[in-house]
Amino acid sequence: MTTPIISVEDLSKAYRLGIKDKTRDTLVGSLFAMAKSPFVNWKRLASLDTHSPANRQGEIVWALKDVSFEVQAGEVIGIIGRNGAGKSTLLKILSRITEPTSGEVKLRGRVSSLLEVGTGFHPELSGRDNIYMNGTILGMTKREIDGKFDEIVEFSGVEKFLDTPVKRHSSGMQVRLAFAVAAHLEPEILIVDEVLAVGDADFQKKCLGKMQGVARSGRTVLFVSHNMAAVQNLCGKAILLEQGSVIAFDSCSEVTNQYLGSTISAASRDMASCRLTGMQPVIESVELLSADGTPGATIACGSAATIVIKYKAPQPLPAARFGIRIENLLGENLIFLQSLMEHGVHIDMPAEGTVRCNIPELPLLPGTYFVWVGCASNETAIDAVDRVLEINIVGGDFYGSGRLPSTDNAKIVLRSRWDFPDTKA
Amino acid sequence: MSTTSDSIADPGEPQTESDTDPVDFDYEVIIRARTGWQLIDWRELVEYRDLFRFLVWRSIKVQYAQSMLGIGWAVIQPVFSMIIFTIVFGYLAGIESDGAPYAVFAFAALVPWTYFSNALTDGTNSLLINTNMLSKVYFPRMMLPLSAVFAKLIDFCVAMLILCGLIVYYGIPPNAGVLALPWLIGLMMLTAAGLVMWLSALAVQYRDIKYAMNFIVQALMYCTPVVYPASLIPWTYKWGDYLIYPRLVYSINPMVGVIEGFRSALLGSADMPWALLAVGSVSAAIIAASGSHFFRKKERLFADVA
């Protein structure tokens, strides 16, 4: 047994939740509260420091709780889990951006972390300047960058714009340039958050290729992603986090299957476990009705479906909107529907009620899908429940020809009309 | 985060195994909640020296990007203040200037003061305008405020050239006090760095500092002999039965000694204020030491509250 390059022991991290102000209902009360508010604010701002034990009472939430694991040199580890499971907090602690509340990490190698591409990019500086700026922020020395400069420029493919301020680059070019710098890091430990989700498909492929190269060159990589395909592709082992704790740490296929399994059974879970952190319990139930109005989670490909959301809030919801997102097993977002987007107006909703979203043709290929539901009022998110509903799509006769595309070629079905002007009628 | 880079990981490990072990035992970083005094990690600052250079260079380059006058602004700011002060304080109010022409008397103070006030404002805001860097990547946090303090030296040098021109124009002969300039400049930077570490760390958690900055800088200016000579403050003063030394108390503000020193070195209008400089140096050292301690203690919060 060799010494691990990363050992994590009983790592915990507490964050403070926002504290709600009491509202006063008399003039004297509000004036009094106004006079007192600097002191109240001071106490509140000071209490953001969760490191001192005296501050650890009250509304704090443990983003990580007693996490322990070890990583050997050369391993490529995927970190997966639902939103709010503590993945980002773990990466932030490992990359020394934030400090743990308790516990300890030992790193026996130089770490570079990539939680965002283009950190330190300044819009007024040229591409050339930003390569140096970004590179040194990521821990490279000027000499290292000098050596790799031509390679970086070639990888990014923005040679022509090298001496133009990046504010005049397209956002795509900025991302390319930023990723090109990051791709040429050579740390012993590389920590990557979901940064591959940027750029166009070609560039993503290039990045994934580069990541594979890094992984094969014997460096240790920690990789967070919602994209199970990418995790399975890159990682040998995976860690599954749930509510701040390690649920599984095993071979990648084992853990991803467990994760997908756990999210499938989420269909039968209660709302509270689907609710994202910091949200108010407003959405009471989410139900799927098939074309004939019968409840059930199985829908034929291309047929009608209705999603019924029941909610109950403490007070009416002014300027409200509801959103529904459908993702596949791999965690790729496929469809986003929103009342505001569809109708262009916010709607004042009563405190309690039902929202129905009718989808005349659900264009998903056979498979399992998950539904996320969120609601907002006055431009503020109120509630969001992830993977609250599981949809099973079964083969149907969408085109009336008895044929459907295979899932290798497509993710959705779509109506189209074909003309053959050169054939005789 | 406390880091130790030289502890051996596992002394019990057989030697043969660590030969093939890809893990570098000489390098180890321990991340844990820290307690007690936090000293400046010089070793780490040296490791990141290239980043520091680029941060300084970025501030300089970005500062006057897309402006017509560019570095000319480094001249305009103190020159305009000088003109206004000369009219208002020198001509209208008739404030004395230790025998030197009021314009050059004011400008000799405005060069270090403009540097100091700009370094203070920029340094205090340096963490706030770079919150995305704080929350996305690790580097010694101290580099952000310190780079602002260093970047302002360019403006200072340009203004110094103008000051030299003025001195030649007024035909003021040089004196040996010029030799003290490196110390005066060092003291000025140390004071700015120390205060900036206090203020920037506070500003991350309490935005009030940001809003109060204008006021703080203005108040500090009147506590510093910019528009008037320090000789207006008496050496001794009888307060009831006690004899107090107002000018020494006054010089706890290190910029008092710096500015009077600049005047003495460049204009020869008064003797080098050694006593003021001695008190100022001690207080600057205290400000810098306590500031870096406070900053190091607070920096673990930056990513969480910024």
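The subject of this paragraph is the overall build of chain B. Secondary structure summary: chain B contains 13 helices and 3 strands in total. Within the span of chain B, comprising 306 residues, buried residues form 52% of the whole. Here the contacts in chain B between residues at least 6 apart in sequence split such that 79% fall between residues at least 24 apart. Per element, the accessible surface of chain B, about 14200 Å² overall, is 66% carbon and sulfur.

To continue, consider the interface of chain A and chain B. In this assembly, 50 residues from chain A lie in contact with 47 residues from chain B. Interface area for chain A against chain B, summed over the two sides, is near 4500 Å², with a carbon-plus-sulfur share of 59%. Three residues, Arg96, Ile97 and Glu99 of chain A, lead the burial of chain A against chain B; their summed loss comes to 17% of the area buried on that side. Here chain A is connected to chain B by 5 salt bridges. Glutamate 44 of chain B serves as the salt-bridge partner of arginine 96 of chain A, at 3.1 Å between the closest nitrogen and oxygen. If you look at where chain A meets chain B, you find 9 residue pairs in polar contact (both at pLDDT 80 or more). Secondary structure elements with two or more residues in the side of chain A that touches chain B: strand 1 (6–16), helix 1 (27–46), helix 2 (87–94), strand 4 (102–107), helix 3 (127–137) and helix 4 (142–156) of chain A. The residue makeup of the side of chain A that touches chain B, split by class, is 20 nonpolar, 15 polar and 15 charged. The pairing of strand 4 of chain A with strand 1 (residues 29–32) of chain B spans 4 bridges and is classified as antiparallel. Residue pairing in the sheet places leucine 107 of chain A in a bridge with valine 29 of chain B of strand 1 of chain B.

Now for the side chain of asparagine 134 of chain A. In this structure, asparagine 134 of chain A sits in helix 3. If we skip the residues at most four places from it in the chain, asparagine 134 of chain A touches Gly118, Thr119, Phe121, Ala178 and Val181 of chain A.

The element helix 7 (residues 143–151) of chain B is largely enclosed, with a buried count of 8 among its 9 residues. Looking only at helix 7 of chain B, the buried set comprises Met143, Leu144, Pro145, Leu146, Ser147, Ala148, Val149 and Ala151 of chain B.

Turning our eyes to something else, we now look at the state of the cysteines. Considering all chains together, one arrives at 0 disulfides over all chains under this definition. The thiol sulfur of cysteine 252 of chain A is not disulfide-bonded, and the nearest other cysteine sulfur, from cysteine 235 of chain A, lies at 5.3 Å.

What follows covers the confidence of the model for chain B. Interpretation of the predicted coordinates at a detailed level should be avoided for regions scoring low in pLDDT. In the predicted model, chain B carries a mean pLDDT of 86, and the fraction of residues at 70 or more is 91%. For the stretch residues 1–20 of chain B, pLDDT sits under 50, and the model shows 37 contacts to residues farther than four places along the chain or on other chains.

Turning to the packing of aromatic side chains, a few remarks are in order. Tallying each qualifying case throughout the model produces 17 aromatic pairs over all chains. Between tryptophan 183 of chain B and tryptophan 274 of chain B the ring centres are 6.4 Å apart and the planes differ by 20 degrees, which places this aromatic pair in the stacked class. Taken together, the positions of tryptophan 183 of chain B in helix 9 (residues 181–205) and tryptophan 274 of chain B in helix 13 (residues 274–305) put the pair 91 residues apart, joining distant regions of the chain. Here tryptophan 274 of chain B falls in the exposed class, since its relative accessible area comes to 53%. With a centroid separation of 5.3 Å and 75 degrees between ring planes, the pair formed by phenylalanine 295 of chain B and phenylalanine 302 of chain B is classed as edge-to-face. As far as burial versus exposure is concerned, phenylalanine 295 of chain B and phenylalanine 302 of chain B are alike and both buried. Three or more aromatic residues joined by ring pairs make a cluster, and in this case those are Tyr132 and Phe149 of chain A together with Phe54 and Trp57 of chain B.

All names here are of chain A. Strand order in this open sheet of 3 strands is 10-12-16, and the pairing throughout is antiparallel. Taken across any chain shown, the strands that pair with only one partner, and hence form the sheet edges, are strand 10 (283–290) and strand 16 (352–359). Ignoring strand direction, the axes of neighbouring strands in this sheet form an average angle of 15 degrees. Two strands pair when backbone bridges link them, and strand 10 and strand 12 (residues 305–312) are joined in this way by 7 bridges, in the antiparallel orientation.

Cut-off values and rules
Residues numbered from 1 in each chain as written. Chains lettered and ligands numbered in written order. Predicted model: local features only at pLDDT ≥ 70, side-chain atom pairs only at ≥ 80, totals over all residues. Heavy atoms only, no water. Helix = DSSP H or I, 4+ residues; strand = E, 2+ residues; numbered from the N terminus. Buried < 20%, exposed > 50% of the residue type's maximum accessible area, 1.4 Å probe, protein only. Contact = heavy atoms within 4.5 Å. Areas by Shrake-Rupley, 256 points an atom, 1.4 Å probe, with all protein chains shown as cover. Buried area = accessible area lost by both parts, 1.4 Å probe. Salt bridge = Lys/Arg side-chain N within 4 Å of Asp/Glu carboxyl O. Polar contact = N/O pair within 3.5 Å; in protein donor to acceptor, adjacent residues only side chain to side chain. Nonpolar A, V, L, I, M, F, W, Y, C, P; charged D, E, K, R; others polar. Pairing = 2+ DSSP bridges. Disulfide = S-S within 2.5 Å. pLDDT = per-residue confidence, 0-100. Phe/Tyr/Trp six-rings, centres within 6.5 Å; stacked < 30°, edge-to-face > 60°. Axes fitted to C-alpha atoms, helices over the stretch in contact; angles between N-to-C directions.

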